[in-house]
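Breakdown of the fold
Okay, here's what each chain looks like letter by letter:
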Amino acid sequence: MNRQPVLLPYADPAFLADPFPLYRQLREDGPVRRAVIAGGLEAWLVTRYEDGLAALSDPRLSSDVHEASDPRLLQQLPATERESMLRTMLRADPPEHTRLRRLVSRAFTARKVAELRPRVQEITDRLLDAIAPAGAADLVDDFALPLPVTVISELLGVPTADRHDFQRWTDDMILRGTEPPDPAVVNEAWQHMRSYLTGLLAAKRARPQEDLLSALITARDEEQRLDEDELIAMAFLLLVAGYITTVNLIGGGIAALLAHPDQLRMLRDDPALLPDAIEEFLRYDGPVNPGIARFAREDVTIGGVTVPRGATVLIASAIADRDPARFPDPDRLDITRRDNAHLAFGHGLHYCLGAPLARLEGQVAIGTALRRLPGLALAVPPGELRWRPGGLRGPEHLPVTFTPAAGRPSQDRSKDRDRPKHLGPALGR
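What you see is a predicted model, and the numbers here were worked out from it, not measured in a lab. (Residues numbered from 1 in each chain as written. Predicted model: local features only at pLDDT ≥ 70, side-chain atom pairs only at ≥ 80, totals over all residues. Heavy atoms only, no water.)

We now examine the overall build of the chain. Tallying secondary structure elements over the chain gives 19 helices and eleven strands in all. Classification of the 429 residues of the chain by burial places 55% in the buried group. Within the chain, contacts between residues separated by at least 24 positions form 73% of all contacts whose residues are at least 6 apart in sequence. When the accessible surface of the chain is totalled, it reaches about 18100 Å², and 53% of it is carbon and sulfur. (Helix = DSSP H or I, 4+ residues; strand = E, 2+ residues; numbered from the N terminus. Buried < 20%, exposed > 50% of the residue type's maximum accessible area, 1.4 Å probe, protein only. Contact = heavy atoms within 4.5 Å. Areas by Shrake-Rupley, 256 points an atom, 1.4 Å probe, with all protein chains shown as cover.)

The following block contains the structure:
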């Protein structure tokens with residue numbers, strides 16, 4: 001394949017608003033295409049579903065960025081903290097990945113997550129108590145963002161009052177748009193985050209609580225299964241990954257419904273469709289865009305195309321999940337779609353650990369918002385919505401109007417501001 005790499009124009013608001021015509025063209029051009037992605041990096045896009053499904057389970061494609069031949073991938077991270085930031089299960093292969101994932105997997109089983117539903121519902125209702133009487137809101141800033149931030153903070157044992165700090169540091173490290181990151185800015189943000197997490201973990205070591213971070217500390221101190229860098233990196237990964245994509249799922253799902261009034265009416269009339277609707281939002285316009293990165297350990301043939309050793313391979317779930325060879329009428333939002341084995345959460349060993357929690361939060365948030373915000377509509381023309389650039393997809397803001405309601409009086413939760421409510425045992429022993 002000698003064609004010049006195609007440029008994915010992440011600086012173009014029109015592309016960000018609707019990347020799917022270009023994605024369709026890339027998929028029709030061939031199963032694998034070289035592309036220039038965010039930050040000017042080059043990757044090989046896997047654009048078709050069956051190839052993507054196979055690639056996500058191919059041991060020749062590593063999650064370890066050290067396998068990449070492009071030094072700029074590592075240079076995006078501050079040199080002094082480069083290795084510690086990468087010591088997570090997200091960037092590890094077996095057996096390290098197996099060891100790290102096992103430590104937290106018990107907190108995210110379907111049964112454990114189901115136990116969180118009453119508290120997720122309570123947080124959702126509290127947020128909507130404040131929104132419902134107003135008749136207008138930004139459903140990202142006022143709802144889709146604070147809900148998962150609060151849930152993951154309580155699950156981990158992080159004071160919710162600190163969320164604005166770690167959101168700001170995360171923005172500087174990860175949500176940095178289309179330009180190459182400023183190493184000084186990334187380094188400063190990571191130093192703040194590391195200092196905060198070090199202090200938080202020290203406090204929990206001194207006074208353990210029934211939360212996930214306390215359980216991870218116990219695993220380290222009693223069984224020597226996590227060293228200090230791994231513990232900090234795990235806390236960072238769970239904290240950040242636990243909210244960013246869920247914000248996009250909730251905001252993007254509501255935006256999709258508002259753009260498809262027939263689907264909105266159908267879901268209002270039959271809330272039992274919510275689980276299928278969440279899967280369709282993930283397939284139709286998922287929160288990760290364009291997909292999941294891997295690095296070739298050796299020359300690998302994908303879809304008849306040989307990808308060279310060291311190349312970055314991007315399994316483009318956003319493109320593959322609209323492959324007509326797998327999904328009939330793929331460009332149509334259909335919340336009744338049943339055969340919906342999308343790739344939004346990945347596949348294989350690295351299948352998203354937080355998928356059950358994201359699904360729960362999406363169902364509770366969107367279902368409750370539709371019930372409590374009658375007459376929900378965009379407050380601006382659809383073309384004025386701005387979408388996040390880079391590897392995450394969702395509306396930056398979602399201004400809406402609705403019929404004002406008296407709202408349901410909130411209970412006095414003043415203690416919650418000082419002491420996050422316990423969400424239940426996070427990690428069985």
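Following the structure, the description resumes.
Mapped onto the elements, H397 comes out in the loop between β10 (377–378) and β11 (399–401). Owing to a relative accessible area of 40%, H397 belongs among the partly exposed residues under this scheme. Spatially, the C-alpha atoms of H397 and L385 are 7.1 Å apart, while their sequence positions differ by twelve residues. For H397, the residues in contact, after removing those within four places along its chain, are D138, V140, D141, L385 and R386. Here the side chain of H397 touches D138 through a polar contact of 2.8 Å, side chain to side chain. Within the local environment of H397, its side chain forms a polar contact with the side chain of D141, the two groups lying 3.3 Å apart. (Polar contact = N/O pair within 3.5 Å; in protein donor to acceptor, adjacent residues only side chain to side chain.)

Let's shift gears to the pairing of strand β9 (residues 312–315). Across the two faces of β9 the burial is the same, with T312 and L314 and V313 and I315 all buried. As defined by bridge partners, strand β3 (residues 42–46) adjoins β9 across three bridges and the pair is classed as parallel. Across the sheet, residue L45 finds its bridge partner in β9, namely L314. Relative to β9, strand β6 (residues 292–296) is paired through four bridges, and the arrangement is antiparallel. Residue R294 lies in a different strand from β9, and its bridge partner there is V313. (Pairing = 2+ DSSP bridges.)

Turning to the sheet that holds β6, a few remarks are in order. Taken together, six strands build an open sheet; the order of strands is β1-β2-β3-β9-β6-β4 and the sheet is mixed. Edge positions in the open sheet fall to β1 (6–7) and β4 (61–62), since each of these has one partner strand only.

Let's shift gears to the nonpolar core. Membership of the largest hydrophobic core comes to 118 residues, with the highest contact counts inside it found for L139, L216 and F281. Every residue in contact with F281, bar those within four places of it in the chain, is listed here: L249, G253, A256, L257, G286, L333, I335 and I366. (Core = buried A, V, L, I, M, F, W, Y, C linked by side-chain atoms within 4.5 Å.)

Here helix α8 (residues 117–131) crosses helix α19 (residues 355–372) at 40°, and the two axes come no closer than 10 Å. Relative to α19, the crossing made by α8 is right-handed. Where α8 approaches α19, its residues R117, V120, Q121, T124, D125, L128 and D129 are matched on the opposing element by L360, E361, Q363, V364, A365, T368, A369, R371 and R372. Counted by class, the contact of α8 with α19 contains six nonpolar, four polar and six charged residues. (Axes fitted to C-alpha atoms, helices over the stretch in contact; angles between N-to-C directions. Left-handed = near helix turned anticlockwise from the far one by under 90°. Nonpolar A, V, L, I, M, F, W, Y, C, P; charged D, E, K, R; others polar.)

This part is about the sheet that holds β11. Read across the sheet, three strands follow the order β5-β11-β10 without closing on themselves; strand pairing throughout is antiparallel. Each edge of the open sheet is held by one strand with a lone partner, namely β5 (136–138) and β10. Sheet topology places β10 next to β11; two bridges connect them, and they run antiparallel. In the sheet register, L378 faces β11, and the bridge partner there is V400.

Now for the side chain of T312. Mapped onto the secondary structure, T312 falls in strand β9. Its relative accessible area of 9% is what places T312 among the buried residues. Residue contacts for T312: discarding those within four places in its chain leaves E42, A43, W44, L73, R294 and F295.

Quick look at the pattern of salt bridges now. Where side chains of opposite charge bring their charged atoms close, a pairing between them can arise. Scanning the model with the defined rule gives 27 salt bridges in all. Across the pair R119 and E154 runs a salt bridge whose closest N-O atoms are separated by 2.7 Å. Of the two residues, R119 is situated in helix α8 and E154 in helix α10 (residues 146–156); the sequence distance between them amounts to 35 residues. Classification of R119 by relative accessible area gives buried; the value is 7%. The partner of R359 in a salt bridge is E279, and the shortest N-O contact between them spans 2.5 Å. A residue pair is termed long-range when its members are at least 10 positions apart, and R359 in helix α19 and E279 in helix α17 (residues 274–285) qualify at 80 residues. Residue classification places E279 among the buried positions, given a relative accessible area of 15%. Beyond isolated ion pairs, a larger network of salt bridges with shared partners links R24, R322 and D331. (Salt bridge = Lys/Arg side-chain N within 4 Å of Asp/Glu carboxyl O.)

In short, shape yes, function no, at least from these values alone.
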